[in-house]
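Report on the structure
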Amino acid sequence: MSTTTASTIANNERFNAEAAKWDSNIAHVRCCEMALESVLHHVPAFAHGQAKNFDVLEIGCGTGLLSFDLSPRVRSLVGVDTAQGMIDAFNVKIGALLQPEEANLAAVCVMLEDADDVKVQGAAAALASRRGEPENIPYRFDLIVSHLTLHHIPSLPAILATMFQSLKHGGWIALTDFEDFGPDAVKFHPKSKREGVERHGIKRNEMEMTINGTGFDRVKVETAFTFTKAVEGEDGGLKKEMEFPFLICMGQKA
Ligand SMILES: C[S@@+](CC[C@H](N)C(=O)[O-])C[C@H]1O[C@@H](n2cnc3c(N)ncnc32)[C@H](O)[C@@H]1O
């Protein structure tokens, strides 16, 4: 059964409203480019040339800013997102590809709470069948990515357990989000967007403990990059630029 909280509803309303214009915000694009660089740097398979065989799951894919950059480097990518508006925008981009029926990526609207989720399994099966493979349910993934989404997810232990279940043995998580570096981290979101925010960034120690506690090996949580963002004054006044550290959270399922 899906856990829909008040913040999930607020989130979906916000992201449905922002979806059509999401990609025209250069800050969104730039931040995803930095996340991609960090994933490519930290996941060993990209340097070792094995990533082309990777099936990737992305949690909180949004309109696909990261997905469409990552998908040419891997075998397949399934994105999940809770906002239908974001999935619709993702699908418009699929439709605009030269050969949409041959795309190696797809996205579904779901709050992922079970690796065997029928929508995720259906999307993975459709991509496998496009590659000429017979159905092989349950599908599991070589890599799970998620950018700028963990701070919206109600339970980190629960989503990490679902990620663990969704991975093949040897599979990796590589998750990026802004760090809760102290009281000023709250400024990442203007007051008007704070309703659906579960936490003002992720905490280094908490992430490390939770990933370890889920059963992952080779756990590493470190600064991935620093992102400069224009933030509103707390009184809604003049914007000024502020630097936000982003963490990358790594772990491998043995
Ligand atoms: C800040 S946006 C980031 C989107 C995309 N990763 C990007 O960087 O462009 C956060 C996304 O997470 C989605 N989201 C929020 N809670 C979620 C959940 N529990 N599961 C999956 N997606 C979620 C939102 O709908 C939204 O698309």
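Now for a look at the structure at hand.

Cut-offs and rules
- Residues numbered from 1 in each chain as written.
- Predicted model: local features only at pLDDT ≥ 70, side-chain atom pairs only at ≥ 80, totals over all residues.
- Heavy atoms only, no water.
- Helix = DSSP H or I, 4+ residues; strand = E, 2+ residues; numbered from the N terminus.
- Buried < 20%, exposed > 50% of the residue type's maximum accessible area, 1.4 Å probe, protein only.
- Contact = heavy atoms within 4.5 Å.
- Polar contact = N/O pair within 3.5 Å; in protein donor to acceptor, adjacent residues only side chain to side chain.
- Pairing = 2+ DSSP bridges.
- Axes fitted to C-alpha atoms, helices over the stretch in contact; angles between N-to-C directions.
- Arc of directions from axis to C-beta.
- Salt bridge = Lys/Arg side-chain N within 4 Å of Asp/Glu carboxyl O.

A word on the environment of Thr63. Tracing the backbone through its elements, the reader meets Thr63 in the loop between β1 (55-59) and α4 (65-70). On the basis of relative accessibility, which here comes to 2%, the residue Thr63 falls in the buried class. With ten residues separating them along the chain, Thr63 and Asn53 place their C-alpha atoms 24 Å apart. When residues no more than four places from it in sequence are discounted, the contact partners of Thr63 are Ala19, Trp22, Asp23, Phe68, Met86, Ala89, Phe90 and Lys93. At a separation of 2.6 Å, a polar atom in the side chain of Thr63 contacts the side chain of Asp23.

Spatially, β3-β2-β1-β4-β5-β7-β6 is the arrangement adopted by the seven strands of the open sheet, whose pairing is mixed. Lying at the two open borders of the sheet, with one neighbouring strand each, are β3 (105-109) and β6 (217-231). Strand after strand, the sheet turns through a mean of 15° between neighbouring axes, direction not considered. In this structure, strand β2 (residues 76-81) lies alongside β3, joined through five bridges in parallel fashion. Paired with Leu77 across the bridge in β3 is Leu105.

Let us now look at helix α8 (residues 204-214). When we look at burial in α8, the residues that qualify are Met207, Thr210, Ile211 and Thr214. Down the axis of α8, the sector holding all buried residues measures 95°, keeping them to one side. Facing away from the buried side of α8 by over 90 degrees, the exposed positions are Asn205, Met209 and Gly213. Elements in contact with the buried residues of α8: α7 (156-166), β5 (167-178), β6 and β7 (240-252).

The next thing to look at is the pattern of salt bridges. Summed over the entire model, instances satisfying the criterion amount to 15 salt bridges. In this structure, Lys168 and Asp142 form a salt bridge, with 3.0 Å as the shortest nitrogen-oxygen distance. Here the residue Lys168 occupies a position in strand β5, and Asp142 occupies one in strand β4 (residues 141-147), the gap between them amounting to 26 residues. Taking the relative accessible area as the measure of exposure, Asp142 reaches 13% and is therefore buried. One connected set of salt bridges, linked through shared partners, spans Asp55, Arg75, Arg131, Glu133, Asp142 and Lys168.

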